[in-house]
Amino acid sequence: MVFPPARGEAYNDPLSMKELEWALSSAYDTSPGPDDIPYAFLRHLNEEGKVWLLGLFNLSWEASVYPGRWRDAITIPIPKPGKDRKSASSYRPIALTSCVSKTIERMVNARLIWVAETCGRLTDLQCGFRRRTSTVDLLVNLEGHLETAFAKKQHSLGIFFDLEKAYDTTWWFLMLRSFREWGLRGYLPTFVSAFMQNRRFAVRREEVVLARARIGHCYLTHGFLLRREDPPVCRCGEPLSVRHIFCMCPTLRRVRRRELRSDVLRNILRDYSEACTRALRFLRRANYFDRF
Ligand SMILES: [Zn+2]
């Protein structure tokens, strides 16, 4: 989503040393992410090191680029107490991400909270994820309604519902659109947009598919080895292989002509992003992406 350029808003200022110091001092010590850099290292940086780190953050802030490596996570399944350990749903996945990236996230999040709280667009009835509010506020409110209804001999109707996986299923497009309606512009909303896009799991799956295309070895064509079955045959009657799907299968001729150029296979090996996008789109159109 595109936002209008900054016009000197305070929330678009370069990230400051004070914000960096605050983000580092308020972080809980957690295990480091894939880069193996714990918070202790960042806290013990000397002045020069902190200036360098802040410079890096401001490059990311002003270019609205959230480096892919900062999204990488080590996922550790933690068993839920008292649940059957043989079932996958009994585990809560904990994703360990880079402490460097969590530091800039915390800095930007603090600004976002400040903007949300001062812009006057949040209703007083929202008590989740806000400072100095809790469920008790809503219970008091509800009780007030009930007592008024009793006093006036009226009815009160309550509707309660629970959103499963509310965080994971947040419709981020709508969230970004709200930012635009709030009149946000410049670095802050653009950075959040860059942060929300290419979310980790989406990127992961596509990278896995591309890696499989590069090595010519995928679940669809080689899964039979694991299942001890016969090699798969394409719907056209030829043996099914990655090369067959991309280059040869006559049933995919039309999709191939529309989506692929002759040099796609060579260019996904070179990691050209346009070729990768085309290859992924081809696999989706050919209905092979999910099984690849
Ligand atoms: Zn075929």
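That block above? That's the structure.
Figured I'd write up the structure that's included with this text. (Residues numbered from 1 in each chain as written. Predicted model: local features only at pLDDT ≥ 70, side-chain atom pairs only at ≥ 80, totals over all residues.)

### Details of the overall build of the protein chain
Move 1: Along its length, the protein chain carries 13 helices and 2 strands.
Move 2: Dimensions of the protein chain, computed from C-alpha atoms along their principal axes, come out at roughly 75 × 60 × 45 Å.
Move 3: Residues classed as buried in the protein chain amount to 18% of the 292 residues present. (Helix = DSSP H or I, 4+ residues; strand = E, 2+ residues; numbered from the N terminus. Buried ≥ 20, exposed ≤ 12 C-beta atoms within 10 Å, placed from the backbone.)

### Notes on unusual backbone geometry
Move 1: The backbone of D36 sits at a positive phi, close to 60 degrees, despite the residue not being glycine.
Move 2: Mapped onto the elements of the fold, D36 is located in the loop between α1 (17-25) and α2 (39-43).
Move 3: Although it is not a glycine, R132 adopts a positive phi angle of roughly 60 degrees.
Move 4: Judged by the 6 C-beta atoms lying within 10 Å of it, R132 falls in the exposed class.

### Here we look at the environment of P4
Move 1: Its location among the elements puts P4 in the segment before α1.
Move 2: Among the residues examined, P4 registers 12 C-beta atoms within 10 Å and is labelled exposed.
Move 3: A C-alpha to C-alpha distance of 36 Å links P4 and V264, two positions 260 residues apart in sequence.

### Points about the packing of α1 against helix α4 (residues 99-118)
Move 1: As a packed pair, α1 and α4 sit with axes 9 Å apart at the nearest point and diverge in direction by 115 degrees. On the basis of the axis angle, α1 is roughly perpendicular to α4. Considering the relative orientation of α1 and α4, their crossing is right-handed. Residues E19, L20, A23 and L24 of α1 touch α4, and the partners they reach there are T103, R106, M107 and A110.
Move 2: Residues belonging to the contact of α1 with α4 are distributed by class as follows: 5 nonpolar, 1 polar and 2 charged. (Axes fitted to C-alpha atoms, helices over the stretch in contact; angles between N-to-C directions. Parallel < 35°, antiparallel > 145°, perpendicular 65-115°, else oblique. Left-handed = near helix turned anticlockwise from the far one by under 90°. Contact = placed C-beta atoms within 7 Å. Nonpolar A, V, L, I, M, F, W, Y, C, P; charged D, E, K, R; others polar.)

### Considering the nonpolar core
Soluble globular proteins: nonpolar side chains tend toward being buried together.
Move 1: Ranked by size, the top nonpolar core spans 22 residues in total, and within it L15, L20, F57, W61, M107, L188 and F191 carry the most contacts.
Move 2: At the level of elements, α1, α3 (47-63), α4 and α7 (187-196) are the ones that each hand at least two residues to this core.
Move 3: If sequence neighbours within four positions are ignored, W61 has contacts with L15, Y187 and F191.
Move 4: Listed in part, the 15 residues of the second largest apolar core include C218, L252, F282 and L283. (Core = buried A, V, L, I, M, F, W, Y, C linked by C-beta atoms within 7 Å.)

### What to know about the environment of W22
Move 1: Turning to its location among the elements, W22 is positioned in helix α1.
Move 2: The class of W22 is partly exposed, set by 14 C-beta atoms lying within 10 Å.
Move 3: As a C-alpha pair, W22 and T221 span 199 residues in sequence and 52 Å in three-dimensional space.

### Describing the packing of α4 against α7
Move 1: Across the interface, α4 lies against α7 with an axial gap of 11 Å and an inter-helix angle of 125 degrees. In terms of axis orientation, α4 runs oblique to α7. Regarding α4 and α7, the two cross each other, and that crossing is left-handed. Contacts between α4 and α7 pair V108, R111, L112 and V115 from the former with L188, F191 and V192 from the latter.

### Topic: α3
Move 1: The end-to-end C-alpha distance of α3, which contains 17 residues, comes to 24 Å, matching closely the 24 Å that a straight helix rising 1.5 Å per residue would cover.
Move 2: Of the residues making up α3, those classed as buried are L54, F57, S60 and W61. One side of α3 carries all its buried residues, which in axial view fall inside an arc of 115 degrees. Away from its buried face by more than 90 degrees, α3 exposes E48, W52, G55, L59 and A63.
Move 3: Directly beyond the C-terminal end of α3, a positive phi value near 55 degrees is found at S64. (Expected span 1.5 Å × (residues − 1). Arc of directions from axis to C-beta.)

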